[in-house]
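Coordinate analysis (summary)
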Amino acid sequence: MVAIIDYGAGNLSSVKKALDYLGAESEITQDKEKILSASHVILPGVGSFGDAMESMRERGLVDTVKQAAREKIFLGICLGLQLLFESSEESPGVEGLGILNGKIKTIPKDRGLKVPHIGWNSVSLKQRDGIFKNIEDESYFYFVHSFYLDGADGDVVAGVTQYGVPIECAVQKGRLCAVQFHPEKSSKVGLALLKNFLEMGDE
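The following refers to the structure shown. (Residues numbered from 1 in each chain as written. Predicted model: local features only at pLDDT ≥ 70, side-chain atom pairs only at ≥ 80, totals over all residues. Heavy atoms only, no water.)

A word on the overall build of the protein
The condition is simple: Here a strand is any run of E in DSSP of at least two residues, a helix any run of H or I of at least four, and the numbering for each starts at the N terminus. Between the two quantities, the radius of gyration covers C-alpha atoms and the globule rule is 2.2 Å times the number of residues to the power 0.38. A simple rule labels every residue: compare its accessible area, found with a 1.4 Å probe on the protein chains alone, to the largest value its type can have, and call it buried under 20%, exposed over 50%, or partly exposed in between. Throughout, a contact is declared for two residues whenever any of their heavy atoms are within 4.5 Å. Note on areas: these come from Shrake-Rupley sampling with a 1.4 Å probe, and a residue is covered only by the protein chains present in the view. Counted as positive: Lys and Arg. Counted as negative: Asp and Glu. His and the chain ends are not counted at all. A charge is said to be at NZ when it belongs to Lys, at CZ for Arg, at CG for Asp and at CD for Glu.
Per the secondary structure count, the protein includes six helices and 11 strands. Here the C-alpha atoms of the protein give a radius of gyration of 15 Å, agreeing with the 17 Å that 2.2 N^0.38 yields for 203 residues. Counting only C-alpha atoms and orienting by the principal axes, one finds that the protein spans roughly 45 × 40 × 30 Å. When the 203 residues of the protein are sorted by exposure, 53% land in the buried category. If you take every contact in the protein between residues at least 6 apart in sequence, the share linking residues at least 24 apart comes to 69%. Accessible surface computed for the protein: about 9100 Å², of which carbon and sulfur atoms make up 46%. Each charge sign in the protein was given a centre, from 22 positive and 28 negative side chains, and these centres are 2 Å apart.

What follows is the structure in structure tokens.
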């Protein structure tokens, strides 16, 4: 069972649709017991870092998400990746979940590139297991974001892309995974990544 955490940050239906396509049993929920009884947990999200943390606090989900990230097979998507870190330049003074070390920075607007970054970018893989099992290096994934991860611990960085600056766009530490791009919108390779996520724990 996959719990898709509903904390008011959107992007839920497209994630569930992709899981349905793969034949996975999933539920969009903000129920703490359902989240913590699921084998797999997804933290999706689009929108503001600060608004998302406030919404999570209002729903009493902060500790639940932290526990799920420690104990479950866990995937953060887009904003769901950024929230795993301590803070973001998008929302100064707002504490993130602080599960991983690293900084969320603003994509520079002086490099001649459009911000937000919207479109397909190739990802250089630093890890070839877990969610990236049997996925080719430099595969293309779909991105929509204005902020990016920089300075994560080297042993957790699983993928890097370039958009004016190097962007640490995937992290993986044991059963804790997160990606800046949207696998649910990344065609066959995105579905392959989600299938790998679903199969984690079957080994």
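Some words on the environment of D150
Rule in force here: Whenever two N or O atoms come within 3.5 Å, that pair is a polar contact, provided that in protein one can donate a hydrogen and the other can accept it, and provided that, for residues adjacent in sequence, both atoms are side-chain atoms.
Residue position: D150 is located in strand β8 (residues 147–150). Residue classification places D150 among the partly exposed residues on the basis of a relative accessible area of 25%. When near neighbours in sequence (up to four residues on either side) are disregarded, D150 contacts G102, K103, K105 and E168. At a separation of 2.7 Å, a polar atom in the side chain of D150 contacts the side chain of K105.

Comments concerning the sheet that holds strand β3 (residues 40–43)
Our working rule: Paired strands, in this sense, are two strands between which DSSP finds at least two bridges. To define axes, lines are fitted to C-alpha atoms, for helices over the stretch in contact only, and angles between the resulting N-to-C directions are given on a 0 to 180 degree scale.
Strand order in the open sheet made by the nine strands is β2-β1-β3-β4-β11-β10-β9-β6-β7, with mixed pairing throughout. In this open sheet, the two strands that pair with only one neighbour each are β2 (26–29) and β7 (139–145). Across this sheet, the average inter-strand angle for adjacent strands is 25°, counted without regard to direction. Pairing geometry for strand β4 (residues 73–77) and strand β11 (residues 176–179), over four bridges, is parallel. By the bridge assignment, I77 is partnered in β11 with V179. Contacting β1 (2–5), β3, β4 and β11, helix α4 (residues 62–71) runs over the sheet at an angle of about 120° to β4. Against the sheet, helix α6 (residues 187–199) touches β1, β3, β4, β6 (117–125), β7 and β11, its axis set at about 90° to β7.

Some points on the environment of G154
Mapped onto the fold, G154 is located in the loop between β8 and β9 (157–163). Here the alpha-carbon distance between G154 and V171, two residues 17 residues apart in the chain, equals 9.4 Å.

Thoughts on unusual backbone geometry
The omega angle of the peptide bond from V115 to P116 is 10°, so this bond is cis rather than trans. By the secondary structure assignment, P116 is in the loop between β5 (103–106) and β6. Located in the positive-phi region is E138, a residue other than glycine, with phi close to 65°. Assignment of secondary structure puts E138 in the loop between β6 and β7. One non-glycine residue, S187, lies in positive phi territory at about 55°. Tracing the chain through its elements places S187 in helix α6. Take S187: its relative accessible area is 49%, and that puts it in the partly exposed class.

Scope: geometric values only; no functional claims are made or implied.
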